[in-house]
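# Notes for the structure review
Residues per chain are reported as follows:
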Amino acid sequence: MNSSISKLSIPFHRSAVGNEEAQAVADVVRSGWLTMGPKTIEFERQFACYIGVKHAIAVSSCTAALHLSLDAIRIQPGDEVLVPTTTFASTAEVVTYFGARPVLVDVEACSLNIDPADVEKKITPRSKAIIPVHFAGQPCNMNALGEIASQHKLHMVEDAAHALPALYSGKRVGTISELTTFSFYATKTLTTGEGGMVTTNDDSYAQRVQLMRLHGISRDAWKRYSVEGSWFYEVLEAGYKYNFTDLQAALGLVQLSKCDSMSEQRTRVAEQYNRAFSDMPAVQTPCVLPDCQVAWHLYVLRLNLSQLSIDRDGFIRELMERGIGTSVHFIPLHMHPLYRRDYGYKENDCPVACREYSRSLSLPIYPDLSEDEVGYVINSVREVIKVWKR
Ligand SMILES: *Cc1c(COP(=O)(O)O)cnc(C)c1O
């Protein structure tokens, strides 16, 4: 190793929560109202305003948000839902909750987002919905997907777990489809530790999600322990225990006020990486579609393996030895035992996703990653390439 560069230790993720969040949570603890209540309502109001959407409904996770969204569009046993294979377990898992079938779709080589051409190939008379995932924060080709959806009368639920804040063609992600889901998990671009949100402009979907997130009991059930609340409630449906809490909302309100500045910081890191890597033939930088604002939840670097005598796993080890934490997003779902065993998927069912997975790694990207740290990551990548150049 080059001794002129002192070794730093850079974790894959550091959360951007500080004293302000701690204070806000402490205030809620002292208020005595710990579960869903006024702070949650305020967080929903401000989130809806930020996105520019009529309804924002806070829930316990993005997985819950996806489940409730599929419930809202009335997915039935035997239905098929088209999901990209390059995503987290949740996106397809929720489909199985209904006895419906997750149909795994290949991704575009450039964006790693669901490939509209492969969606068309995999549509059958049983297809009911598409769940596009804005991978790494890069918006999907929503125009192409929208055309396919309307032509085949399919619903669309967007998994925007990576895409806060993102713009597609001037439209904020969260306002485009019938329903959109967000994640506030610890590593996501806005965090409440755990949490999620459904956004929609449709009143009846919003009502259904509000009903089902809290046991299917009448709408303001959470108020029943407050002064203006009533002891009376009615169970209308067999719902779920998916509500948010005011502790999470307090954190979320502070995070939301920093959402734009945190996004600018992540964009700064991405641009620094892009500038440095664009003239290194051994690696490929993420391709950014025109007319989009990317949320940069992840920075996925792809290796041009023909130029290197080391594979992706080896590259990760080399960076780890230099103190740099990385990750891989994602092992394509169709390669996992569940989907091979229960749905008969084989490795070459989604060849692009497999190929891109084998040469992808995710570099650290978060608001408080300093310029020096970014520089150290860049120098380390350059050094590993130099050592292992074919
Ligand atoms: C993180 C993630 C989810 C799940 O979010 P939770 O809030 O943890 O349920 C869903 N989809 C994608 C693409 C994710 O990365």
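We now turn to the structure provided with this report. (Residues numbered from 1 in each chain as written. Predicted model: local features only at pLDDT ≥ 70, side-chain atom pairs only at ≥ 80, totals over all residues. Heavy atoms only, no water.)

## Considerations on the site of the ligand
The full set close to the ligand counts 16 residues, and Thr-63, Asp-159, His-162, Ser-183 and Lys-188 are the nearest of them. Bound to the protein, the ligand loses 93% of the 390 Å² it would expose on its own. Of all elements in the fold, only helix H3 (62-72) and helix H4 (89-96) reach the threshold of two or more residues within the shell around the ligand. Split into classes, the residues belonging to the shell around the ligand amount to six nonpolar, eight polar and two charged. (Near = heavy atom within 4 Å. Areas by Shrake-Rupley, 256 points an atom, 1.4 Å probe, with all protein chains shown as cover. Helix = DSSP H or I, 4+ residues; strand = E, 2+ residues; numbered from the N terminus. Nonpolar A, V, L, I, M, F, W, Y, C, P; charged D, E, K, R; others polar.)

## Some points on the pattern of salt bridges
A side chain of one charge can pair with a side chain of the opposite charge if their charged atoms are brought near each other. For the structure on display, the rule yields 20 salt bridges. Residue Glu-21 is joined to Lys-258 by a salt bridge in which the shortest nitrogen-to-oxygen separation is 2.8 Å. Separated by 237 residues along the polypeptide, Glu-21 in helix H1 (residues 19-31) and Lys-258 in the loop between helix H8 (246-257) and helix H9 (259-277) bring together distant segments of the chain. The class for Glu-21 is buried, based on a relative accessible area of 3%. One network of salt bridges, in which partners are shared, links Arg-302, Arg-355, Glu-356 and Arg-359. (Salt bridge = Lys/Arg side-chain N within 4 Å of Asp/Glu carboxyl O. Buried < 20%, exposed > 50% of the residue type's maximum accessible area, 1.4 Å probe, protein only.)

## Digging into the environment of Ile-316
Relative to the helices and strands, Ile-316 resides in helix H10 (residues 312-321). When residues no more than four places from it in sequence are discounted, the contact partners of Ile-316 are Thr-326, Val-328 and Leu-361. (Contact = heavy atoms within 4.5 Å.)

## Considering the sheet that holds strand S9 (residues 196-200)
With respect to topology, seven strands assemble into an open sheet ordered S1-S9-S8-S5-S4-S2-S3, the strand pairing being mixed. At either margin of the open sheet sits one strand with a lone partner, and together these are strand S1 (55-59) and strand S3 (101-105). The average angle at which neighbouring strand axes cross in this sheet is 25°, direction not considered. Inspection of the sheet shows strand S2 (residues 80-84) paired to strand S4 (residues 127-130) by three bridges, in the parallel sense. (Pairing = 2+ DSSP bridges. Axes fitted to C-alpha atoms, helices over the stretch in contact; angles between N-to-C directions.)

## Structural notes on the pairing of strand S5 (residues 155-159)
Taking burial as the measure, the five residues of S5 include four buried ones, the bulk of the element. Following the backbone out of S4, through helix H6 (residues 142-151) and into the adjacent parallel S5, one traces a crossover that is right-handed. Pairing of S5 with strand S8 (residues 179-183), which is carried by three bridges, proceeds in the parallel orientation. Residue pairing in the sheet places Asp-159 in a bridge with Thr-181 of S8. (Right-handed = clockwise from strand over helix to strand, strands pointing away.)

## Focus: the packing of aromatic side chains
Given two aromatic rings, one states the distance between the centres and the angle between the planes to describe the pair. This model, assessed by the stated rule, comprises 15 aromatic pairs. Arranged with centres 5.3 Å apart and planes meeting at 15°, the rings of Tyr-240 and Tyr-242 form a pair that is stacked. With a relative accessible area of 26%, Tyr-240 lands in the partly exposed category. Put simply, the rings of Phe-43, Phe-47, Phe-182, Phe-184 and Phe-244 pair up and form one aromatic cluster. (Phe/Tyr/Trp six-rings, centres within 6.5 Å; stacked < 30°, edge-to-face > 60°.)

## Digging into the pairing of S8
Within S8, five of the five residues are buried, which leaves the element mostly enclosed by the surrounding structure. The alternating pattern of S8 places Leu-179, Thr-181 and Ser-183 and Thr-180 and Phe-182 on opposite faces, both of which are buried. Where S8 lies against S9, four bridges are found, and the strand directions are antiparallel. Its bridge partner being in S9, Thr-180 is matched across the sheet by Thr-199.

## With respect to the side chain of Thr-189
Residue placement: Thr-189 occurs in the loop between S8 and S9. A polar contact is formed between the side chain of Thr-189 and the backbone oxygen of Leu-164, at a distance of 2.6 Å. (Polar contact = N/O pair within 3.5 Å; in protein donor to acceptor, adjacent residues only side chain to side chain.)

## Description of the sheet that holds strand S10 (residues 283-284)
Strands sit in the order S10-S12-S13 across an open sheet of three strands; the sheet is antiparallel. Here the strands that pair on one side only, and so sit at the sheet edges, are S10 and strand S13 (360-363). Pairing of strand S12 (residues 299-303) with S13, which is carried by four bridges, proceeds in the antiparallel orientation. Of the residues in S13, the one forming a bridge with Arg-302 is Ser-360. Sheet strands in contact with H10 are S12 and S13, and its direction is about 25° off that of S13.

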